[in-house]
Amino acid sequence: MLSALLVGGPGAAADEPAEAAARAPRLYTPEPNPDALRQVLGLVRAGQYRDAARVTAMVATPQTVWFGDQSPAEVEKLARDVVKDATRAGAVPTFALYNIPGRDCANYSAGGAANTAEYEAWIDAVARGIGTRDALVILEPDALALLPADCGQDDAEGTKTAARYAEVNYAVDALEPLRGTRVYLDTGHPGWHAVGSIVPRLVKGGVARASGFYTNASNYHTDDANSWYGKLISSCIAYVDGGGDAADCPNQYAPRAEAQAWIDAHVHVPASRMAHFVTDSSRNGQGPWTPPAGKYTDPQDWCNPPGRGLGARPTLRTGDPLQDARLWIKTPGESDGLCLRGTDGPEDPERGGLDPKAGDWFPQQALELVRYANPPLL
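Residues numbered from 1 in each chain as written. Predicted model: local features only at pLDDT ≥ 70, side-chain atom pairs only at ≥ 80, totals over all residues. Heavy atoms only, no water.

With that settled, consider the overall build of the protein. Along its length, the protein carries 11 helices and 9 strands. The globule rule puts the C-alpha radius of gyration for 378 residues at 21 Å, and the 20 Å found for the protein is close to it. Each principal axis of the C-alpha atoms in the protein carries an extent, and together these give about 65 × 50 × 50 Å. Here the protein holds 378 residues, and 54% of them are scored as buried. Surface accessibility of the protein: about 15,800 Å² in total, with carbon and sulfur atoms responsible for 52%. (Helix = DSSP H or I, 4+ residues; strand = E, 2+ residues; numbered from the N terminus. Rg over C-alpha atoms; globule rule 2.2 N^0.38 Å. Buried < 20%, exposed > 50% of the residue type's maximum accessible area, 1.4 Å probe, protein only. Areas by Shrake-Rupley, 256 points an atom, 1.4 Å probe, with all protein chains shown as cover.)

Pairing between the strands of a sheet is mediated by backbone hydrogen bonds and can be parallel or antiparallel. Read across the open sheet, the 7 strands follow the order β2-β4-β5-β6-β7-β8-β9; overall the sheet is parallel. The open sheet is flanked by β2 (65–67) and β9 (323–327), the only strands paired with a single partner. Adjacent strand axes in the sheet meet at a mean angle of 25 degrees, parallel and antiparallel pairs treated alike. Pairing of strand β4 (residues 94–97) with strand β5 (residues 135–139) involves 4 bridges; the strand directions are parallel. Bridge assignment links Phe 95 to a residue of β5, and that residue is Val 137. Each of β2, β4, β5 and β6 (181–186) is contacted by helix α6 (residues 116–130), which is oriented at about 170 degrees to β4, the strand it contacts most. Where helix α7 (residues 159–175) meets the sheet, it contacts β4, β5 and β6, and its direction lies at approximately 165 degrees from that of β6. (Pairing = 2+ DSSP bridges. Axes fitted to C-alpha atoms, helices over the stretch in contact; angles between N-to-C directions. Contact = heavy atoms within 4.5 Å.)

Turning next to the pattern of salt bridges. The final tally for this structure, using the stated rule, is 17 salt bridges. With its nearest N and O atoms 2.7 Å apart, the salt bridge here joins Lys 77 to Asp 81. Here Lys 77 and its partner Asp 81 are both found in helix α5 (residues 72–88), 4 residues apart, which amounts to about one turn of the helix. One continuous salt-bridge network, built from bridges that share partners, spans Asp 51, Arg 54 and Arg 371. (Salt bridge = Lys/Arg side-chain N within 4 Å of Asp/Glu carboxyl O.)

The next thing to look at is the environment of Gln 48. Among the secondary structure elements, Gln 48 is positioned in the loop between α3 (34–45) and α4 (49–59). Among the residues examined, Gln 48 registers a relative accessible area of 33% and is labelled partly exposed. Not counting residues up to four positions away in its chain, the partners in contact with Gln 48 are Leu 43 and Arg 371.

Moving on, we come to the packing of α3 against α4. Contact pair α3 / α4: the axes reach a minimum separation of 8 Å and the direction vectors enclose 160 degrees. Looking at the two axes, α3 sits roughly antiparallel to α4. As α3 runs across α4, the sense of the crossing is left-handed. Packed against α3, whose contacting residues are Ala 36, Gln 39, Val 40, Leu 43 and Val 44, the element α4 presents Tyr 49, Asp 51, Ala 52, Val 55, Thr 56 and Val 59 at the interface. The class makeup of the residues in the contact of α3 with α4 is 8 nonpolar, 2 polar and 1 charged. (Parallel < 35°, antiparallel > 145°, perpendicular 65-115°, else oblique. Left-handed = near helix turned anticlockwise from the far one by under 90°. Nonpolar A, V, L, I, M, F, W, Y, C, P; charged D, E, K, R; others polar.)

Here the focus is the pairing of strand β7 (residues 212–215). For β6 and β7, the ladder comprises 3 bridges, and the chain directions are parallel. Across the sheet, Leu 185 pairs through a bridge with Phe 213, a residue of β7. Handedness of the crossover is the feature at issue here: the chain leaves β6, passes through helix α8 (residues 195–204), returns alongside β7, and the resulting connection is right-handed. Here β7 pairs with strand β8 (residues 276–280) via 4 bridges, running parallel. (Right-handed = clockwise from strand over helix to strand, strands pointing away.)

Let us now look at the packing of aromatic side chains. Within the structure shown, the criterion is met by 5 aromatic pairs. With a centroid separation of 5.6 Å and 20 degrees between ring planes, the pair formed by Phe 213 and Phe 277 is classed as stacked. A residue pair is termed long-range when its members are at least 10 positions apart, and Phe 213 in strand β7 and Phe 277 in strand β8 qualify at 64 residues. Geometrically, the ring pair formed by Tyr 239 and Trp 262 is edge-to-face, given 4.8 Å between the ring centres and 70 degrees between the ring planes. Of this pair, Tyr 239 sits in helix α9 (residues 223–241) while Trp 262 sits in helix α10 (residues 256–266), and the two are 23 residues apart along the sequence. Exposure class is identical for Tyr 239 and Trp 262. Each is buried. (Phe/Tyr/Trp six-rings, centres within 6.5 Å; stacked < 30°, edge-to-face > 60°.)

Leu 97, Leu 139, Leu 175 and Leu 185 are the most contacted members of the largest nonpolar core, which totals 60 residues. Beyond its immediate stretch of four places on either side in the chain, Leu 175 contacts Leu 97, Ile 123, Val 126, Ala 127, Ile 130, Val 137, Thr 181 and Val 183. Among the nonpolar cores identified, the runner-up in size contains 18 residues, and Val 44, Ala 52, Trp 361 and Ala 366 belong to it. (Core = buried A, V, L, I, M, F, W, Y, C linked by side-chain atoms within 4.5 Å.)

Taken as a whole and assessed by the stated rule, the structure comprises 3 disulfides. Here Cys 105 pairs with Cys 151 through a disulfide, and the sulfurs are 1.9 Å apart. One quick way to see it: the torsion about the S-S bond of Cys 105 and Cys 151 is about -80 degrees, and its sign makes the bridge left-handed. With Cys 105 in the loop between β4 and α6 and Cys 151 in the loop between β5 and α7, this pair connects stretches of sequence that are 46 residues apart. Once the bonded cysteines of the protein are numbered in order along the sequence, the disulfide links fall as 1-2, 3-4, 5-6. (Disulfide = S-S within 2.5 Å.)

Let us now look at α4. One full turn of an α-helix is made of 3.6 residues, so residues set three or four places apart face in the same direction. The buried fraction of α4 is high, at 9 of 11 residues. Buried residues of α4: Asp 51, Ala 52, Ala 53, Arg 54, Val 55, Thr 56, Ala 57, Met 58 and Val 59, and no others.

For the rest of this paragraph, the subject is the packing of α9 against α10. In contact at an axis separation of 11 Å, α9 and α10 are set at 30 degrees when each is read in the N-to-C sense. The angle between the axes of α9 and α10 places the two elements in the roughly parallel class. As α9 runs across α10, the sense of the crossing is left-handed. From α9, Asp 224, Ala 225, Trp 228, Lys 231, Leu 232, Ser 235 and Tyr 239 reach across to α10, where they touch Arg 256, Ala 259, Gln 260, Trp 262, Ile 263 and His 266. Residue composition of the contact of α9 with α10, by class: 7 nonpolar, 3 polar and 3 charged.

As structure tokens, this is what we get:
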């Protein structure tokens, strides 16, 4: 029944012509969340066939496989199984590694390795699992955009922040040299750090030895905003590599014509030698949510915002010499966590109910994403 509802096959980029998609490298489609399939069957039984087809198309689109909290033995086996399955399908898998100590500042997605040694052992296990097969690695979302020093977790000497940089560098050096692996480092999103703020963190995190960086993971900024932010960051990294100061780089809020003129005057490195980037379009079809003015003390615009839609389909053919891929990094349909928006809760006041915990399937949000997808799913 489910196969009859599929629109396009796993690994295909739905917004590309069939011939072009056949020629391009394909991205891997993992097994869907079982609760997504239960939602599809429930929609079919209720006669909501169009929504059932939309949700099916969503889970049949290439997405990222997330690893975190598993033991080294478990994550090694899981990674090996995925790369083998992807190889059989002629596709390239994307992994989000999410296990760094102090993950998410001990907030909604708290967890991760207990210490640096435990984390390094975990990364070594991932590397063994991937081996010589192809893979894209989204290394530790929020690891650089949200340092321990940013959330009051560090001591006066900056011990935990120094450990964070050491852990990110270790992962780069363990994974990037693998024959088919490309590693990308965290920048948050275009509405967070200015270019001059995030570039020193990327440099300190070892971006020079990685394939590049990613932006908008699990967020909602438009493809245009993400691509421009990526270009500015890549240009600034090249400028810093040449001896410049990141504080001199134009940020994402500067007039574009002025910023482009600065790039033209100061960056003369070919795109092939610059840091490349990938972006997340899993939930950006309607752009960011604008909370009602004055309604919430902490609107949490990143947390299960209403009325968002799926964005453009994942692809390794972006047409941009600096952008290696557009991906669905966040698994669309899975909750961001319990969103209280500054209230005592326990319900999400914007949705009028209790949000599922982080990573659990959120049927209400899944329907919004497929109904407001831009471009449309069907």
